[in-house]
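# Summary of structural features
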Amino acid sequence: MNGVSNDFAPLTVGFDLDMTLIDSRPGIKAVYDVLAAETGVFIDSALAVTRLGPPMDDELVNWFPAERVPEMADRFRELYPRYAIAPTPAMPGARDAVDAVRAAGGRVVVVTAKYGPNAELHLRHLGIDAEVRGWLWAEAKAEALLEYGAAVYVGDHTGDVRGARTAGALSVAVATGPCDAAELGAAGADVVLADLTAFPAWLADYAPAAA
């Protein structure tokens with residue numbers, strides 16, 4: 001599902017994945033619980049899923065010595081398809097948000113810190129069609145946003161706001177993740193929505209002005 005930028009596309013909108021398009025908390029919690037059972041190391045999975053956004057390795061350092069993190073990260077990704085995909089629902093409004101971009105003649109790209117193949121599994125499972133760039137966090141997301149020529153980037157974390165601003169894209173933030181509306185606004189989001197159910201109406205006003 002990867003691709004390259006198309007200068008003739010009238011509108012490209014990027015979306016974050018975890019807690020923007022999908023509620024990945026149930027699936028990620030399940031993987032942490034299996035990893036804890038396998039290793040005998042206590043992981044407060046309920047706490048861990050309140051901090052989604054940064055790369056998973058950043059969370060693992062809270063539970064494992066630094067020298068074990070690469071091994072545990074690999075194992076986490078191996079377990080992920082079996083335990084995390086089925087329990088993970090789409091966020092309210094996610095499909096309608098993606099459909100609204102397409103109805104406006106635009107293109108959708110998902111830019112996420114998640115391992116790309118696992119991100120693609122989520123989208124296929126939920127029937128959301130989008131190009132994917134994975135393993136990019138915060139300012140590094142600008143790499144893909146610039147490649148695809150994204151005019152808008154939608155995310156739930158201050159790291160997503162930083163990525164959008166680094167790329168010169170409009171930052172649309174949704175207060176559905178670990179960062180509340182005030183925090184997202186203070187980080188420099190251009191638009192803050194309660195959730196994606198408000199996105200189609202916002203896009204209907206934005207798209208003609210951007211054309």
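Structure: above.
This write-up is about the structure you can find in this document. The structure presented is a predicted model; accordingly, all values stated were derived computationally and were not measured.

### Focus on the pattern of salt bridges
- Taken as a whole, this structure holds 16 salt bridges when the rule is applied.
- Residue Arg-124 is joined to Glu-120 by a salt bridge in which the shortest nitrogen-to-oxygen separation is 3.9 Å. You can see Arg-124 and its partner Glu-120 sitting in helix 6 (residues 116–126), 4 residues apart, about one turn around the helix.
- Among the salt bridges present, the one from Glu-139 reaches Arg-162, with a minimum N-O distance of 2.8 Å. Here Arg-162 lies in helix 8 (residues 158–167) and Glu-139 lies in the loop between strand 3 (131–133) and helix 7 (141–148), a separation of 23 residues in the sequence.

### A short note on the packing of helix 4 (residues 69–83) against helix 6
- Orientation of helix 4 relative to helix 6, taken along the N-to-C sense of each, is 10°, at an axis distance of 10 Å. Regarding the angle of helix 4 to helix 6, the classification is roughly parallel. Contact with helix 4, carried on its side by Arg-77, Tyr-80 and Pro-81, involves Asn-118, Leu-121 and His-122 of helix 6 and no other residues of that element.
- Its residues assigned to classes, the contact of helix 4 with helix 6 comprises 3 nonpolar, 2 polar and 1 charged.

### Considerations on helix 5 (residues 94–103)
- Buried within helix 5 we find Ala-94, Ala-97, Val-98, Ala-100 and Val-101. Along the axis of helix 5, the buried positions cluster into a sector of 155°, meaning they face one direction only. Set apart from the buried face of helix 5 by more than 90 degrees, the exposed residues are Asp-96 and Ala-103.
- Once helix 5 finishes, Gly-105 follows within two positions and takes phi at roughly 85°, a positive value.

### Brief notes about the packing of aromatic side chains
- Taken as a whole and judged by the stated rule, the model has 7 aromatic pairs.
- Between the aromatic rings of Tyr-115 and Trp-135, the centroid separation amounts to 5.3 Å while the plane-to-plane angle is 45°, which identifies the pairing as tilted. A residue pair is termed long-range when its members are at least 10 positions apart, and Tyr-115 in the loop between strand 2 (107–111) and helix 6 and Trp-135 in the loop between strand 3 and helix 7 qualify at 20 residues.
- Seen in terms of ring centroids, Trp-202 and Tyr-206 are 4.9 Å apart; in terms of plane orientation they differ by 10°. Their pairing is stacked. Taken together, the residues Trp-202 and Tyr-206, both in helix 10 (residues 199–210) and 4 residues apart, mark about one turn of the helix.
- For Trp-202, a relative accessible area of 15% gives the class buried.
- Members of the aromatic cluster, connected to one another through ring pairs, are Phe-15, Phe-199, Trp-202 and Tyr-206.
- Over the aromatic face of Tyr-115 sits the side chain of Arg-77, whose NZ or CZ is 5.9 Å from the ring centroid.

### Quick word on the sheet that holds strand 3
- Sheet architecture is open: 6 strands sit in the order 3-2-1-4-5-6, paired in parallel fashion. Lying at the two open borders of the sheet, with one neighbouring strand each, are strand 3 and strand 6 (191–193). Going across the sheet, the axis of each strand differs from the next one's by a mean of 25°, ignoring polarity.
- When strand 2 meets strand 3, the two strands line up parallel, connected through 3 bridges. Bridge assignment links Val-109 to a residue of strand 3, and that residue is Glu-131.

### Here's the deal with the side chain of Asp-156
- With respect to the helices and strands, the residue Asp-156 is situated in the loop between strand 4 (152–155) and helix 8.
- Notably, Asp-156 is buried but unbridged: the nearest opposite-charge side chain belongs to Lys-141, and the N-O separation is 6.9 Å.
- Reaching out from Asp-156, the side chain makes a polar contact with the side chain of Thr-20 at a distance of 2.8 Å.
- Leave out the neighbours within four places in its chain, and Asp-156 touches Asp-16, Asp-18, Met-19, Thr-20, Val-174, Thr-176, Gly-177, Pro-178, Cys-179 and Leu-184.

What counts and how
- Residues numbered from 1 in each chain as written.
- Predicted model: local features only at pLDDT ≥ 70, side-chain atom pairs only at ≥ 80, totals over all residues.
- Heavy atoms only, no water.
- Salt bridge = Lys/Arg side-chain N within 4 Å of Asp/Glu carboxyl O.
- Helix = DSSP H or I, 4+ residues; strand = E, 2+ residues; numbered from the N terminus.
- Axes fitted to C-alpha atoms, helices over the stretch in contact; angles between N-to-C directions.
- Parallel < 35°, antiparallel > 145°, perpendicular 65-115°, else oblique.
- Contact = heavy atoms within 4.5 Å.
- Nonpolar A, V, L, I, M, F, W, Y, C, P; charged D, E, K, R; others polar.
- Buried < 20%, exposed > 50% of the residue type's maximum accessible area, 1.4 Å probe, protein only.
- Arc of directions from axis to C-beta.
- Phe/Tyr/Trp six-rings, centres within 6.5 Å; stacked < 30°, edge-to-face > 60°.
- Lys NZ or Arg CZ within 6 Å of the ring centre and 35° of its normal.
- Pairing = 2+ DSSP bridges.
- Lys, Arg positive; Asp, Glu negative; His and termini not counted.
- Polar contact = N/O pair within 3.5 Å; in protein donor to acceptor, adjacent residues only side chain to side chain.

These values are about where atoms sit, not about what they do.
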